[in-house]
Amino acid sequence: MASGEAAVVRAVDRDEIPDLLKHVEPLLHVERDYYDVVASRVYAELLSHYQYRFQDQYVLAVQVDGELAAIVNGRQVTPNLGLSLHTLALRRGLRIGAHAFAAKMEYHFDQLGHDEVLVVAESPIGFRRWMIEYKLEKRFDVPHELGGVPSWALTRELFDAARSSLVVGRRPVPPEILDKATEAILPPSDPPTPALDPLSATRSKYDPTASALMVERWAMEEGVQDA
Ligand SMILES: CC(C)(COP(=O)(O)OP(=O)(O)OC[C@H]1O[C@@H](n2cnc3c(N)ncnc32)[C@H](O)[C@@H]1OP(=O)(O)O)[C@@H](O)C(=O)NCCC(=O)NCCS
């Protein structure tokens, strides 16, 4: 990564899912950048996968020195068609999410042999990272499994065109680094946390003047003075 640290991307076994769930749960309460929406969906998908209630899902984890840094998942729809579920970065500012997405797409094309992967963005950052950086094609006649919204597609041609710039890393992972990652999924050291002040969550909520939250806060402050 840009920080000089090595990140390992690896498949997560079903019995490791509880080790991920405990670090996804706190993100349910992070309104910023749609972490709450994405984390709640990821939580449901991982739990369903753990309890054999999800069809053909895979889960990959990104770890830095054992610490959980990102989670990606997806599934196979048909032997030729993949579907991207989620990308969740637990450490910000290093393009860990972007690398995780590249790794999952490589998994779709090179390991699972898909010709195309259906993708959707749940956040503006996601839209910049996937639709714009990879120049995804529209498949608006296909509702995506996430919320039924129109799909976008990463084709094998588009992925091949992106390989030299967006897909990085060494394969296979050197054994000593892989051993450290598989030994234990350690807690993220600097995960996204809920905003101290609700105002900072408004930039993703179509409430740029934050009037709703300010009114709410004034009411709370008045309540305190009365007490
Ligand atoms: C989308 C996501 C996976 C991208 O991860 P990433 O590639 O590691 O990128 P980051 O989130 O760290 O940074 C995104 C932008 O915010 C900026 N940023 C950096 N640190 C940040 C921080 N602490 N808080 C907020 N933004 C930060 C970055 O500079 C970056 O700007 P750029 O797009 O101009 O490069 C990640 O933002 C995420 O998990 N978001 C919540 C869930 C989500 O939306 N998933 C994708 C659904 S389609």
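Above: the structure in question.
These numbers come from a predicted model, not from an experiment.

Caption draft 1: Representation of the site of the ligand within the structure. In the region of the ligand, 21 residues are neighbours, and Ala 89, Gly 93, Gly 97, Ser 123 and Arg 128 sit closest. Between Ile 96 and the ligand, the recorded distance is 3.1 Å, taken from a backbone N or O atom to an oxygen atom. Take Arg 128: an N or O atom from its side chain is 2.7 Å from an oxygen atom of the ligand. Taken by itself the ligand offers 920 Å² of open surface, and the protein chains cover 75% of this. Those elements that place two or more of their residues in the shell around the ligand are α2 (35-50), β4 (81-89), α3 (96-111) and α4 (124-132).

Caption draft 2: View of the packing of aromatic side chains. One pass over the full model with this rule turns up six aromatic pairs. Aromatic pair Phe 109 and Phe 159: ring centres 5.1 Å apart, planes at 20 degrees, arrangement stacked. Highlighted residues: Phe 109 in helix α3 and Phe 159 in helix α5 (residues 156-166), separated in sequence by 50 residues. Residue Phe 109 is classed as buried on the basis of its relative accessible area of 2%.

Caption draft 3: Broad picture of the pattern of salt bridges. With the rule as written, the count across this model stands at 13 salt bridges. With a shortest N-O distance of 3.2 Å, Asp 33 and Arg 92 are connected by a salt bridge. Here Asp 33 is found in the loop between α1 (17-24) and α2, whereas its partner Arg 92 is found in the loop between β4 and α3, with 59 residues between them in sequence. One salt-bridge network, in which partners are shared between bridges, spans Arg 95, Arg 129 and Glu 133.

Caption draft 4: Region of the structure containing unusual backbone geometry. With an omega of -5 degrees, the peptide bond running from Arg 171 to Pro 172 counts as cis. Structurally, Pro 172 can be placed in the loop between α5 and α6 (175-183). Positive phi outside glycine occurs at Asp 33, with the angle close to 55 degrees. The buried category is assigned to Asp 33, whose relative accessible area is 14%.

Caption draft 5: Looking closely at the sheet that holds strand β2 (residues 57-64). Here we have seven strands laid out as an open sheet, ordered β1-β2-β3-β4-β5-β7-β6, and mixed in their pairing. Looking at the sheet topology across the chains shown, the edges are occupied by β1 (7-11) and β6 (137-143). With direction set aside, neighbouring strand axes in the sheet form an average angle of 30 degrees. As paired elements, β4 and strand β5 (residues 116-119) share three bridges and run parallel to each other. Note on β5: the bridge partner recorded for Leu 81 is Glu 116. Along the sheet face, α2 touches β2, β3 (67-78) and β4 and points at about 120 degrees away from the line of β4. Together, β6 and β7 (150-155) form the strand contacts of α5, whose direction differs from that of β7 by roughly 55 degrees.

Conventions used here
- Residues numbered from 1 in each chain as written.
- Predicted model: local features only at pLDDT ≥ 70, side-chain atom pairs only at ≥ 80, totals over all residues.
- Heavy atoms only, no water.
- Near = heavy atom within 4 Å.
- Polar contact = N/O pair within 3.5 Å; in protein donor to acceptor, adjacent residues only side chain to side chain.
- Areas by Shrake-Rupley, 256 points an atom, 1.4 Å probe, with all protein chains shown as cover.
- Helix = DSSP H or I, 4+ residues; strand = E, 2+ residues; numbered from the N terminus.
- Phe/Tyr/Trp six-rings, centres within 6.5 Å; stacked < 30°, edge-to-face > 60°.
- Buried < 20%, exposed > 50% of the residue type's maximum accessible area, 1.4 Å probe, protein only.
- Salt bridge = Lys/Arg side-chain N within 4 Å of Asp/Glu carboxyl O.
- Pairing = 2+ DSSP bridges.
- Axes fitted to C-alpha atoms, helices over the stretch in contact; angles between N-to-C directions.
- Contact = heavy atoms within 4.5 Å.

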